[in-house]
Amino acid sequence: MAQNGTRATGPRCIALVGPFQSGKTTLLEAILARTGAIQRQGTIEAENTVGDASKEARHHLMSVELSVASANFKGDTYTFVDCPGSVEFVHDMRAALPAVDAAVVVCELDEKKVPQLQLILRELEAQKIPRFLFVNKVDKADSTIHDVLRVLQPASRGKLLVRQIPTFSGDIITGFVDLALERAFVYKEHAPSEVIPLEGDALDREKTARFSMLETLADHDDELMEQLLEDVQPPRDKVFDDLSKELREGLVCPVLFGSAARTNGVLRLMKALRHESPGIADTAKRLGVKSGQSVGYVLKTINTAHGGKMSLVRVLAGKIGDGANITTADGQTGRVAAVFKLMGQNSEKRGAAEAGETVALGKLDHTKTGDTLSDGAQPHPPIAKVAPHPPVLSIAVVTKERKDDVKLGQALAKLLEEDPSISVVHNAEAHEVVLWGQGEMQLRVATERLADRFGIATVSHKPTVGYRETIKKGIVQRGRHKKQSGGHGQYGDVVLDIKPLPRGSGFSFSEEIKGGVVPRNYIPSVEEGVIDALKHGPLGFPVVDIAAKLIDGSYHTVDSSDMAFQLAGRLAIHDGLPQCQPVLLEPIYQVEIVCPSEATAKMNALMSGRRGQILGFDTREGWDGWDVVRVQMPESEIGDLIVEVRSATAGVGSFRFKFDHMAELMGRTADQIVAARKAAAA
Ligand SMILES: Nc1nc2c(ncn2[C@@H]2O[C@H](COP(=O)(O)OP(=O)(O)OP(=O)(O)O)[C@@H](O)[C@H]2O)c(=O)[nH]1
Ligand SMILES: [Mg+2]
């Protein structure tokens, strides 16, 4: 192409990312329709889009996992990775990003959604992914469209570069002027825009806007700066070369706009991708892909409805085909059984995939999302490692039918393979399977999948909090088990010195038996009995921070036994503890909340409503305009904390937490907890 000597060629892989509900899936649909990959453009509302084709996505009218579809445009294949916008499903995006050439950040010109946009741009900046902004929904835009930079620039570290300006008829945007081409276009409904003469007021605005675009480019190009200073018109090729180069280096983020729903601005976007976005050669270089072997990266793992596993892979070098032997960076091997082209939920067998192509590989049993694959025996070092965000919300799931318990474990393993930002914890003490994840919707979708895909009906409830109890004062307590029934009797008699221990000590057992009043061989049985009794203290919870010393007792030569001494030990604890001022202990966590500074005051209020103790505030390192709030908070209050943190922060606040200590809890809250425990045990 004359316009741009450095245009990349070959298959591209482009991520569609952006805040929740900004129109990514609709944009994918528009691209597919405009390029002829599909006959008719579907809509979210009609539940017939390629992107949101899963049952769960249709049902919730939102993307709940990434989906891919490809389009041909002027001789090249573009595979789009349509990522969910909800923060709860952000891991799909984060794990897929390393392998893409560029991202199109679909956003709205809405100040309220700028924090979310910032979060996404941060991720792209961190992973050094070249990015375009696509300001969507201009069909309902208002005058803020003139303020693109004022509204959106704060979200981006890279300089935003306005590539187009809108033209109006009254208040309605009817077209645009392309500032690089210097041409005016008028939108046609569901048809390519038409070129119209650039004249009058539009021409004046174009001159000003173009100059500021060139100025931005000139920040990184001295020659262009000189031309501007000397009032020389730079050649068009140079402008295109700069646009492309500065995008690839992450120096600028070009801003385009349009209406996905009306297929407006879509062709302009495709042309920008074609001319400016990097291709596989640049991407392989960015990722340090070594030559001499075939290399691929796993963007996502999919378990299809009929049980087959597919790994969505971008081939970064060489060629991967049916039967290829694959090694992961950590030495797992596998053999590719079939290569598929994906179009949303549909898959179609195809031949080997070349460098740059994005395909699904069948039956790589030991391959995980984020793996770097190579052919042959020599592993390739991992090109990226994207750890999921730590979980913030949990639910306990129980199968409605006992017989499904075994299936549940297997089904969860598959769900975790698909979404590693969910984890499962087995709480043996409470006999609970606890799902940890990123939010209510994500976990709801997980349970829906259990039902729909695996036929496992479950109910979920709040997970059991790890309460404990201890004692506040000691006692010397006798426990005597004596039974005379028929022939052999049972006899065990012990005296325990029971004392509280400092917080965090757990349990200790000792003995000071003199003169063999309790024979040596029965002492371990006494300890066993004590340990058993401490599983349920007088308040109903496991007892901790307690010492029991065996100081006296008696035995009977015929009737004493291990069992009798176990029971004696239990009795002493059972009878003794209620007199020792038992007290409830609740787990206290150290919680670190991150939020935009304007929400910090709200966090303060939120914490006091949840028995949180604020330890301090700080600015968040590396995040202008964000704060960190450090708090100590009871485990029971963290349960649904994320819901409130998100609602106070336009969805962008988050936190991490770790166990800190157990604290005594008294008063009404404690009484309620004990009463609930008793009711549950009854
Ligand atoms: N007016 C208007 N509405 C649009 C446009 N594009 C999308 N929408 C609507 O915006 C809503 C969200 O669209 P989606 O395409 O699902 O957005 P998304 O970004 O994929 O959403 P998530 O993946 O759930 O984050 C739907 O109701 C669309 O019909 C547009 O250009 N104009
Ligand atoms: Mg979507």
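Residues numbered from 1 in each chain as written. Chains lettered and ligands numbered in written order. Predicted model: local features only at pLDDT ≥ 70, side-chain atom pairs only at ≥ 80, totals over all residues. Heavy atoms only, no water.

Visitor: Would you take a moment to explain the site of ligand 1 for this structure?
Guide: The environment of ligand 1 is made up of 20 residues, and the closest members are Gly23, Lys24, Thr26, Glu45 and Asp139. Note that an oxygen atom of ligand 1 is positioned 2.6 Å from one of the side-chain N or O atoms of Lys24. Ser63 places a side-chain nitrogen or oxygen 2.9 Å from an oxygen atom of ligand 1. Surface burial for ligand 1 is 89%, taken as the share of its 640 Å² of free accessible area covered by protein chains. Here the shell around ligand 1 is composed, by residue class, of six nonpolar, nine polar and five charged. (Near = heavy atom within 4 Å. Polar contact = N/O pair within 3.5 Å; in protein donor to acceptor, adjacent residues only side chain to side chain. Areas by Shrake-Rupley, 256 points an atom, 1.4 Å probe, with all protein chains shown as cover. Nonpolar A, V, L, I, M, F, W, Y, C, P; charged D, E, K, R; others polar.)

Visitor: Explain the packing of aromatic side chains to me, please; I cannot follow it from the model alone.
Guide: Any aromatic ring pair is given by two values, namely how distant the centres are and how the planes are angled relative to each other. Under the defined criterion, the tally for this structure stands at twelve aromatic pairs. Look at Tyr78 and Phe80: their rings are 6.5 Å apart centre to centre, the planes differ by 20 degrees, and that puts the pair in the stacked class. Of the two residues examined, Tyr78 and Phe80, each falls in the buried class. Their ring planes at 20 degrees and their centres at 4.8 Å tell us that Tyr522 and Phe565 sit as a pair that is stacked. (Phe/Tyr/Trp six-rings, centres within 6.5 Å; stacked < 30°, edge-to-face > 60°. Buried < 20%, exposed > 50% of the residue type's maximum accessible area, 1.4 Å probe, protein only.)

Visitor: Please clarify how empty space enclosed by the protein should be interpreted in this entry.
Guide: The probe, sized like a water molecule, is rolled over the atoms to show the empty space still left. Considering all chains together, one arrives at four cavities of 30 Å³ or more under this definition. The volume enclosed by the largest cavity comes to roughly 50 Å³. Contributions of two or more residues to the lining of the largest cavity are made by helix H11 (405-418) and helix H12 (440-454). Counting residues per element, the lining of the largest cavity draws most heavily on H12, which supplies four residues. Looking at the lining of the largest cavity residue by residue, the class counts come to five nonpolar, one polar and three charged. (1 Å grid on protein atoms, 1.4 Å probe; cavity = no way out; pocket = protein on both sides within 12 Å on 5 of 7 lines; lining within 4 Å. Points joined across faces, edges and corners; volume = space filled by probe spheres on them. Helix = DSSP H or I, 4+ residues; strand = E, 2+ residues; numbered from the N terminus.)

Visitor: Is there a simple way to think about the layout of surface pockets in this case?
Guide: For the largest pocket, the calculated volume is near 960 Å³. The wall of the largest pocket is formed by 35 residues, among which Lys462, Pro463, Thr464, Val465 and Glu635 lie closest to the centre. Mapped by element, the contributors of at least two residues to the lining of the largest pocket are strand E22 (393-399), strand E23 (423-427), strand E24 (432-437), strand E31 (582-596), helix H16 (635-638), strand E34 (654-665) and helix H18 (668-681). The calculated volume of the second largest pocket comes to roughly 800 Å³. Around the second largest pocket, the lining is made up of 37 residues, and of these Leu119, His389, Arg620, Trp623 and Ser654 lie nearest the centre. Among the elements of the structure, helix H3 (90-96), helix H4 (114-126), E31, strand E33 (626-634) and E34 are those that each provide at least two residues to the lining of the second largest pocket. Its residues assigned to classes, the lining of the second largest pocket comprises 17 nonpolar, ten polar and ten charged.

Visitor: What's the story with the sheet that holds strand E18 (residues 346-350) in this structure? I'm lost.
Guide: Strands sit in the order E16-E15-E21-E12-E13-E20-E17-E18 across an open sheet of eight strands; the sheet is antiparallel. One side of each edge strand has no neighbouring strand; the edge strands of this open sheet are strand E16 (333-335) and E18. If you compare each strand with its neighbour and ignore which way they point, the axes differ by 40 degrees on average. Inspection of the sheet shows strand E15 (residues 325-328) paired to E16 by three bridges, in the antiparallel sense. Considered in E16, the bridge of Thr327 is made with Thr333. Packed on one face of the sheet, H11 meets strand E12 (295-303) and strand E13 (309-317) and runs near 140 degrees to E12. (Pairing = 2+ DSSP bridges. Axes fitted to C-alpha atoms, helices over the stretch in contact; angles between N-to-C directions. Contact = heavy atoms within 4.5 Å.)

Visitor: Sorry if this is basic, but what is going on with unusual backbone geometry here?
Guide: With the exception of glycine, the majority of residues adopt a negative phi angle, and the majority of peptide bonds are in the trans configuration. Phi at Gln21 takes a positive value of approximately 65 degrees, unusual for a residue other than glycine. Examined against the element boundaries, Gln21 turns out to sit in the loop between strand E1 (12-17) and helix H1 (24-34). Assessed through its relative accessible area of 39%, Gln21 is described here as partly exposed.

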